[in-house]
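# Structural features, examined
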Amino acid sequence: MTIEALHVHKRFGAHRALDDVSVRIEHGELVALLGPSGGGKTTLLRVIAGLETPDAGDVRFSGADVTGAGPHERGVGFVFQHYALFREMSVFENVAFGLRVRPKVTRPSEERIRARVQELLALVQLEGLAGRLPDELSGGQRQRVALARALAVEPKVLLLDEPFGALDAKVRKDLRAWLRRLHDELHVTSVLVTHDQEEAFEIADRVVVIHEGRVHQDGPPETLLRRPASEFVARFVEDAQVVSGTVQDDGLIQLAPLRLPGASPGAQIDVSLRSARVIRRPPG
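Everything in this summary refers to the structure shown in the same document. From a predicted model like this one, the values you see are computed outputs, not experimental measurements.

## Concerning the side chain of Thr 189
Note that Thr 189 resides in strand β8 (residues 189-194). From its side chain, Thr 189 meets the backbone oxygen of Met 1 in a polar contact 2.7 Å long. Residues within four places of Thr 189 in sequence aside, it is in contact with Met 1, Ile 3, Ile 25, Glu 26, His 27, Gly 28, Glu 29, Lys 156, Val 157 and Leu 158.

Now the structure itself:
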């Protein structure tokens, strides 16, 4: 399943949440929407999910226009930051819920539901906890239940909205690695919203940086680190220092006492300096 958001605009009153945003996600990709709070990434995810309708623009799944379709018609699975589990239901029943509420015509048999739930609990490494209630689980275990529930209905697209934001750092890191392995096994087209640069770079095949309702850069993590497209991207992805300089006649960039390879003599240029790429040596 490919996903395309084409020239999407969305306002909430006077606030411009999305301003002519276009993004394409290939089949089987895991793409991170990365940016600071209020930048538009969750709004874009909700537009893709069918939870918000764009003021202008289109959403297409594998070429078909789904702009006016609801979430159930799009076949999406959604995982939220705060789990959204049914507290009075067991782990088993939470995972089975999406299958049990299907129309009778498409609802699997009880035997098939049980087999599917057991299969998913094994996949998320919770097979021994089927009878427990959510309040009896750790935060990381609850989030894995939420993921199993989203996968139970065999979604065409998996959407994750800050799924690890409520967890502590150690659990977050463990779950990131686990999610990446799970994605490599399932190959479900997935979109992850996060404001955590490390999380985006560790998990995603591709990162889309969104700020003030616009896409600032779209590419593999290494490209964003090595060739940021703007000062905002350079500062946001790794807190880089940006220094202004001038390209000299010999093609070298003059940064105060430093001279670096450049181009276009006479041009004014901003240079991003990352700590990981700067080597300090004593003089002499």
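## Describing the environment of Ala 152
Residue placement: Ala 152 occurs in helix α5 (residues 139-152). Residue class for Ala 152 comes out buried when judged on its relative accessible area of 2%. Considered as a pair, Ala 152 and Val 95 are 57 residues apart in the sequence and their alpha carbons are 6.6 Å apart.

## Notes on unusual backbone geometry
Look at Gln 125: it is not a glycine, yet its phi comes out positive at around 65 degrees. Considering the arrangement of structural elements, one finds Gln 125 in the loop between α4 (110-123) and α5. Of note, His 187 is a non-glycine position whose phi angle comes to about 60 degrees, a positive value. Structurally, His 187 can be placed in the loop between α6 (169-186) and β8. A relative accessible area of 47% places His 187 in the partly exposed class.

## With respect to the packing of helix α3 (residues 91-100) against α4
One can describe the packing of α3 onto α4 by two numbers: an axis separation of 10 Å at closest approach and a directional angle of 125 degrees. Here α3 is positioned oblique relative to α4, judged by the angle of their axes. Regarding α3 and α4, the two cross each other, and that crossing is right-handed. Touching Val 91, Phe 92, Val 95, Ala 96, Leu 99 and Arg 100 of α3 are Glu 110, Ile 113, Arg 114, Arg 116, Val 117, Gln 118, Leu 120 and Leu 121, all from α4. Along the lines of polarity and charge, the residues of the contact of α3 with α4 split into nine nonpolar, one polar and four charged.

## Some details on the packing of α5 against α6
The geometry of α5 relative to α6 is characterised by a closest axis approach of 11 Å and an angle of 20 degrees between their N-to-C directions. The orientation of α5 with respect to α6, classified from their angle, is roughly parallel. Judged by the twist between their axes, the crossing of α5 over α6 is right-handed. Residues Gly 140, Gln 143, Arg 144, Leu 147 and Leu 151 of α5 pack against Val 171, Leu 175, Trp 178, Leu 179, Leu 182 and Leu 186 of α6. Considered class by class, the residues forming the contact of α5 with α6 number eight nonpolar, two polar and one charged.

## Describing the pattern of salt bridges
Pairing between side chains of opposite charge can happen when the charged atoms of each approach one another. Using the criterion set out here, one finds 24 salt bridges in the structure. Across the pair Glu 4 and Arg 24 runs a salt bridge whose closest N-O atoms are separated by 3.2 Å. Separated by 20 residues along the polypeptide, Glu 4 in strand β1 (residues 3-12) and Arg 24 in strand β2 (residues 15-25) bring together distant segments of the chain. One salt bridge in this structure joins Arg 176 and Glu 199, with 3.9 Å as the shortest N-O distance. With Arg 176 in helix α6 and Glu 199 in helix α7 (residues 197-203), the pair connects residues that are 23 residues apart, well separated along the chain.

## Description of the nonpolar core
Counting 48 residues, the largest nonpolar core has Val 95, Leu 147, Leu 158, Phe 201 and Val 207 as the members making the most contacts within it. Sorting elements by how many residues they give to this core places α5 first, with seven residues. Setting aside its immediate chain neighbours within four residues, Val 95 contacts Val 117, Leu 120, Leu 121, Val 145, Ala 148, Arg 149 and Ala 152. By size, the runner-up hydrophobic cluster in this structure holds 27 residues, among which are Met 1, Ile 3, Val 31 and Val 59.

## Let's talk about α4
Residues lying three or four places apart along an α-helix face the same way, a consequence of the helix completing one turn every 3.6 residues. Helix length check: α4 (14 residues) gives 20 Å between terminal C-alpha atoms against 20 Å at 1.5 Å per residue, within 8%. Every buried residue of α4 is accounted for by Ile 113, Arg 116, Val 117, Leu 120 and Leu 121. Buried residues along α4 cover an arc of 130 degrees about the axis, so they all sit on one side. Buried residues along α4 sit in contact with α3 and α5. Just beyond α4, the residue with positive phi is Gln 125, at close to 65 degrees.

## A look at the sheet that holds β2
Within a sheet, each strand pairs with its neighbour through backbone hydrogen bonds, oriented either parallel or antiparallel. What the four strands build is an open sheet, ordered β2-β1-β4-β5; its pairing is antiparallel. This sheet does not close on itself; its edge strands, each paired only once, are β2 and β5 (64-65). Where helix α1 (residues 41-49) meets the sheet, its contacts fall on β1, β2 and β4 (56-61), and the angle it forms with β2 comes to roughly 60 degrees.

Calculation criteria
Within any chain, residue numbers begin from 1 and follow the written order of that chain's sequence. Confidence filtering applies because this is a predicted model: local features only for residues at pLDDT of at least 70, side-chain atom pairs given and counted only at 80 or more, and all residues used for totals across whole chains, interfaces and linings. Only hydrogens and water are set aside; all other atoms, that is, all heavy atoms of the structure, feed into the side-chain values. The secondary structure listing takes helices from DSSP runs of H or I that are at least 4 residues long and strands from runs of E that are at least 2 residues long, numbered from the N terminus. In the analysis that follows, any N or O atom pair within 3.5 Å is treated as a polar contact, provided that within protein one partner can donate a hydrogen and the other can accept it, and provided that, for residues neighboring in sequence, both atoms belong to side chains. Two residues qualify as a contact provided that any one of their heavy atoms is within 4.5 Å of a heavy atom in the partner residue. We call a residue buried when its accessible area falls under 20% of the maximum for its residue type, exposed when it is over 50%, and partly exposed in between, using a 1.4 Å probe and counting protein chains only. In this description, a line fitted to the C-alpha atoms serves as the axis of each element, helices being fitted only across the stretch in contact, and the angle between N-to-C directions of two axes falls anywhere from 0 to 180 degrees. If an angle is under 35 degrees, it is roughly parallel; if it is over 145, roughly antiparallel; if it lies from 65 to 115, roughly perpendicular; otherwise it is oblique. Take the far helix as the reference: if the near one is turned anticlockwise from it by less than a right angle, the crossing is left-handed, and if turned clockwise, right-handed. Here the term charged refers only to Asp, Glu, Lys and Arg, the term nonpolar to Ala, Val, Leu, Ile, Met, Phe, Trp, Tyr, Cys and Pro, and the term polar to all other amino acids, Gly among them. For this document, the term salt bridge refers to a Lys or Arg side-chain nitrogen within 4 Å of an Asp or Glu carboxyl oxygen. In this text, buried Ala, Val, Leu, Ile, Met, Phe, Trp, Tyr and Cys residues form a nonpolar core when linked through side-chain atoms within 4.5 Å. In this analysis, the expected span of each helix is defined as 1.5 Å times one less than the number of residues it contains. Throughout, the arc means the angular range of directions from the helix axis out to the C-beta atoms. Only when DSSP finds a minimum of two bridges between them are two strands counted as paired.

Any functional reading would require information that these geometric values do not contain.
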